[in-house]
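Spelled out, the chains give:
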Amino acid sequence: MEIAIRDNIFNFAKKWILEAGNIIRQTIDDPIEVGTKSNPNDLVTTMDKNTEKYFVEKIKTTFPDHLLLSEEGFGDEVKSLDGTVWIIDPIDGTMNFVQQKRNFTISIGIYHDGVGEIGLIYNVMEDELYSAIRGEGAFKNDKKLPFLRKEQILEESVIGLNHLWLCENPLVDEKVMQDLVRTARGSRTYGSAALEFAFVAEGILEGYLTMGLSPWDFAAGIILVNEVGGITSTIDGAEINMVGRNSVFTGHRAVHKRIIEDFIKKGRK
Ligand code: IPD
Ligand code: CA
Ligand code: CA
């Protein structure tokens, strides 16, 4: 993708994500309708839908030839990443949005012919924008994020994971996951996959692993983590399917390798 074209798209995406976040902050105390999707804890609100519609309207008007892959279904039916595709989660961490009114993000990954060019993750209530353009590094607001430390051991690392890993689960033996939690310095659950990716890029989490995510959860995060020298794969170390659901493991390269070798492989079902 030509640099001038990419910069132009980035400027619009940045403007829109900040505007959408501002609208959410201004209306955070207004009543919202909360519905459920696949199960009683899979929540969706009018705010998720309205935010997604906001992006659809902006993108379709400004870039009519771009496609949109987004969670709430107002985008296009996207089966491949040919052309320019915006992958959007209008609110990542809807449960946090509903229950806590914080710790949720807007996530936008922009891919061109399958290559991740632009990643934006906006921690709305903190007004913290994580952004990256391929090859130009990752930023938190206007501050460039440093490359991840050269050496890093699991015993000094904090790992993001959902507590469900510690219960019986279909992917990895829970005893092995308990051992991983005991071996790491600490573990955290934030409830927004995109925020956890941003924390890995920021170097305040050394890894984040999860059982099943969709493209809008990880599209932006992968680009951010790449820009600081981290790695993202499935929990088995395989390549991510960018238009399907995957288990996902992102993190510092050394920690990623150690967790796959010494834990996942041992406990994989
Ligand atoms: C969810 C969040 C959560 C993750 C779930 C996602 P949503 O996204 O990222 O942290 O564990 O798998 O579905 O539904 O709030 O956009
Ligand atoms: Ca999500
Ligand atoms: Ca969402």
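Above this note sits the structure.
Owing to the predicted nature of the structure, the values given are computational and were not obtained by experimental measurement. (Residues numbered from 1 in each chain as written. Chains lettered and ligands numbered in written order. Predicted model: local features only at pLDDT ≥ 70, side-chain atom pairs only at ≥ 80, totals over all residues. Heavy atoms only, no water.)

Caption draft 1: Just the coordination of the calcium ion (ligand 2), in detail. The protein atoms that coordinate the calcium ion (ligand 2) are D89 (OD), D92 (OD) and D217 (OD), at distances spanning 2.1 to 2.2 Å. Here the donor residues for the calcium ion (ligand 2) map to a single chain with the spacing D-x2-D-x124-D. Classification of D92 as buried rests on a relative accessible area of 5%. (Donors = N, O, S within 2.8 Å, 3.2 Å for Na, K, Ca; no water. Buried < 20%, exposed > 50% of the residue type's maximum accessible area, 1.4 Å probe, protein only.)

Caption draft 2: Representation of the sheet that holds strand β12 (residues 207-213) in the model. Across the sheet, which stays open at both edges, the five strands sit in the order β11-β10-β12-β14-β13 with mixed pairing between neighbours. In the strand order of this sheet, the two ends are held by β11 (186-188) and β13 (231-233), each with one partner. Averaged over neighbouring strand pairs, the angle between their axes works out to 15 degrees when direction is ignored. Where strand β10 (residues 158-161) and β11 come together, three bridges link them in parallel fashion. Within β11, the position partnered with I159 by the bridge is S187. (Pairing = 2+ DSSP bridges. Helix = DSSP H or I, 4+ residues; strand = E, 2+ residues; numbered from the N terminus. Axes fitted to C-alpha atoms, helices over the stretch in contact; angles between N-to-C directions.)

Caption draft 3: Spatial organisation of the layout of surface pockets. Within this model, the largest pocket holds a volume of roughly 1,100 Å³. As for the largest pocket, its lining consists of 36 residues, and the residues nearest its centre are M95, N162, G191, G212 and L213. Every element with two or more residues in the lining of the largest pocket is listed here: β4 (84-92), α3 (94-99), α5 (193-202), β12 and α6 (215-227). Of all the elements, β12 adds the most residues to the lining of the largest pocket, at five residues. (1 Å grid on protein atoms, 1.4 Å probe; cavity = no way out; pocket = protein on both sides within 12 Å on 5 of 7 lines; lining within 4 Å. Points joined across faces, edges and corners; volume = space filled by probe spheres on them.)

Caption draft 4: Structural context of the pairing of strand β7 (residues 128-133). With six of six residues buried, β7 lies mostly within the body of the structure. With burial as the criterion, each face of β7 is covered, one bearing E128, Y130 and A132 and the other bearing L129, S131 and I133. Taken together, the six bridges between strand β6 (residues 115-123) and β7 define a ladder with antiparallel strand orientation. Within β7, the position partnered with I121 by the bridge is Y130. Hairpin connection, β6 to β7: the antiparallel pair is bridged by four residues, and D127 has positive phi, about 50 degrees. Pairing geometry for β7 and strand β8 (residues 138-140), over three bridges, is antiparallel. In the sheet register, A132 faces β8, and the bridge partner there is A138. Counted between consecutive antiparallel strands, the loop separating β7 from β8 contains four residues, among which G135 sits at a positive phi close to 85 degrees.

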